[in-house]
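In case you want the letters, here they are:
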Amino acid sequence: MTLPALHNTGVLYRRILSQFPQDISLAFAYGSGVFKQHGTNQGQMDKNMLDFVFAVDDPVTWHTMNLLQNRKHYSILKLLGPTMISSIQNEHGASVYYNTLVPVEERIIKYGVISTESLIDDLSHWKTMYVAGRLHKPVKMMVQNENGKLRAALVANLKSAVIASFLMLPESFTEEDLFLQIAGLSYAGDFRMVIGEDKSKVANIVKDNIQHFRILYSNILRDCPQVVYKPQQGKLEVDKSPEGQFIQLMALPRTLQQRITKLEILLQVAQDPDCGAVVQQGISSIVKYSSITQSIKGIATAGMWKTVSYSSKKLMKMWKGWRRKPSVSQMS
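Quick caveat: nothing in here was measured; it's all calculated off a predicted structure.

Rules used throughout
Residues numbered from 1 in each chain as written. Predicted model: local features only at pLDDT ≥ 70, side-chain atom pairs only at ≥ 80, totals over all residues. Heavy atoms only, no water. Phe/Tyr/Trp six-rings, centres within 6.5 Å; stacked < 30°, edge-to-face > 60°. Helix = DSSP H or I, 4+ residues; strand = E, 2+ residues; numbered from the N terminus. Buried < 20%, exposed > 50% of the residue type's maximum accessible area, 1.4 Å probe, protein only. Pairing = 2+ DSSP bridges. Axes fitted to C-alpha atoms, helices over the stretch in contact; angles between N-to-C directions. Parallel < 35°, antiparallel > 145°, perpendicular 65-115°, else oblique. Left-handed = near helix turned anticlockwise from the far one by under 90°. Contact = heavy atoms within 4.5 Å.

Topic: the packing of aromatic side chains
Given two aromatic rings, one states the distance between the centres and the angle between the planes to describe the pair.
At step 1: Within the structure shown, the criterion is met by 12 aromatic pairs.
At step 2: Between Tyr74 and Tyr97, the ring centres sit 5.9 Å apart and the planes meet at 40°, which makes this aromatic pair tilted. Taken as a pair, Tyr74 in the loop between helix H3 (59-69) and helix H4 (82-91) and Tyr97 in strand E3 (residues 96-104) lie far apart in primary sequence, 23 residues in all. Side by side, Tyr74 and Tyr97 carry an identical accessibility label, which is buried.

A word on unusual backbone geometry
At step 1: Non-glycine residue Leu101 carries a positive phi angle of around 50°.
At step 2: Inspection of the secondary structure puts Leu101 in strand E3.

Description of the pairing of strand E5 (residues 140-144)
At step 1: The buried fraction of E5 is high, at four of five residues.
At step 2: As paired elements, strand E1 (residues 26-30) and E5 share four bridges and run antiparallel to each other. From the neighbouring strand, Ala27 faces E5, where its bridge partner is Val143.

Points about the packing of helix H7 (residues 148-168) against helix H8 (residues 175-184)
At step 1: Their axes nearest at 9 Å, the elements H7 and H8 cross at an angle of 110°. Classed by the angle they form, the pair H7 and H8 counts as roughly perpendicular. Here H7 and H8 pass one another in a crossing that is right-handed. Only Leu178, Gln181 and Ile182 of H8 make contact with H7, whose side of the interface consists of Ala161, Val162, Ser165, Phe166 and Met168.

Details of the environment of Ala55
At step 1: Position of Ala55 relative to the elements: it lies in strand E2 (residues 50-56).
At step 2: Taking the C-alpha atoms as reference, Ala55 lies 7.1 Å from Leu119; in sequence the two are 64 residues apart.
At step 3: Dropping the residues within four chain positions of it, Ala55 is found in contact with Ile24, Ser25, Leu26, Ile114, Thr116 and Leu119.

So, the pairing of strand E7 (residues 227-230)
At step 1: Alternating positions in E7 separate cleanly, Val227 and Tyr229 being buried on one face and Val228 and Lys230 remaining unburied on the opposite face.
At step 2: In textbook terms, the turn of a hairpin is the stretch between consecutive antiparallel strands, and for E7 and strand E8 (residues 235-238) this stretch comprises four residues, one of which, Gly234, has a positive phi near 70°.

Right under this line is the structure:
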C-alpha cells in the first residue's frame with residue numbers, strides 16, 4: 001500500500017533532491033514553506049525555509065557521499081568524519097541529523113537525515129514521535145521505495161494517530177476536531193511550544209489543509225470498526241465504553257502503552273473517565289524528552305551562528321503569531 005500523501009512534487013523539489021546522494025528510501029518535504037498555513041500568503045510561503053527529511057539505509061555511506069558533494073552544509077562536526085556524524089545521528093536525540101539554513105536552488109532549506117531502521121522504529125512504536133509526528137500531518141512525498149516494512153509502518157503510524165486521538169476526544173466530534181487533535185499530538189509536551197513557536201500553530205496547520213488531512217485519513221476512518229464515520233456531514237462517533245476504550249488502548253504504539261502503564265494498568269485506564277488525559281500525559285512525556293534532546297543536538301549539528309539565526313527567526317514567528325492571535329480567535 002502506498003501512503004496516501006501528496007505526490008505532485010514540483011520541479012523545485014526534484015531539483016533540490018538532485019543535489020543530494022540518491023540512495024534514499026524515503027524523502028518528504030513538510031512545514032510552512034510547503035503547505036499554506038492560516039494567516040500566511042504565497043509571498044510569505046516563498047520566503048519560508050523548506051524542511052525535508054531523508055531516510056537512508058546506510059547513514060555512514062550516505063554522509064560520506066554528502067560530505068563530498070555538500071561539505072559546506074555541515075557545521076564544524078564535519079571534521080569528525082562520516083562515521084562519527086552517523087554515530088551522533090543514531091545515538092542522540094531523536095536519531096535525526098539536521099543541517100539547517102542551507103542555500104539550495106535559490107531557497108533556504110533544512111534537512112534531517114534518519115536511518116530507515118530508526119524511522120520504522122519510530123513509526124511503529126512512537127519511540128520519540130519526532131519524525132512520526134511530522135508524518136501525522138500532510139507532507140509532500142518525494143521518494144518512497146518498495147520497502148514493504150517501511151510502507152506498513154507509515155500506515156500503522158497514521159492508524160495510531162487516529163486511535164490516540166479517539167481516546168482524547170468525546171463520543172461525538174467533527175472531522176476538524178479530529179484533525180486538530182491529530183496535528184497537536186507531536187506538539188504535546190514539546191518545550192518549543194512554550195518558547196519559539198507560534199501558539200496558534202496547530203490551528204493554523206489544520207484550517208487551510210482540511211482536504212489534505214482527508215486524503216491522508218479517510219480510508220483509515222472508513223475501515224476502522226471503532227468509529228461511525230459520516231464524511232458527507234464531516235462528523236464521527238466513537239465507542240467510549242470501557243470495552244471500546246480498552247481495545248483502543250491495546251492498539252496504541254508500544255512506547256505509549258509503556259508510558260501509560262507506568263501510571264495505571266490499561267484495563268483500569270479504560271474505565272477511567274479521565275482516560276484521554278492519561279493518554280495525553282503519556283504522549284507529552286515521549287515528545288518532551290525527544291524535543292529537548294534533539295534541540296540540544298541541533299546546536300552542535302547546525303553550529304552556533306546558524307543556531308542563533310534559526311532561533312531568532314522562530315521567536316519572530318512566535319511574536320507575529322501572538323500579535324495576530326485576536327483576529328484568528330475572532331474567525332474561529
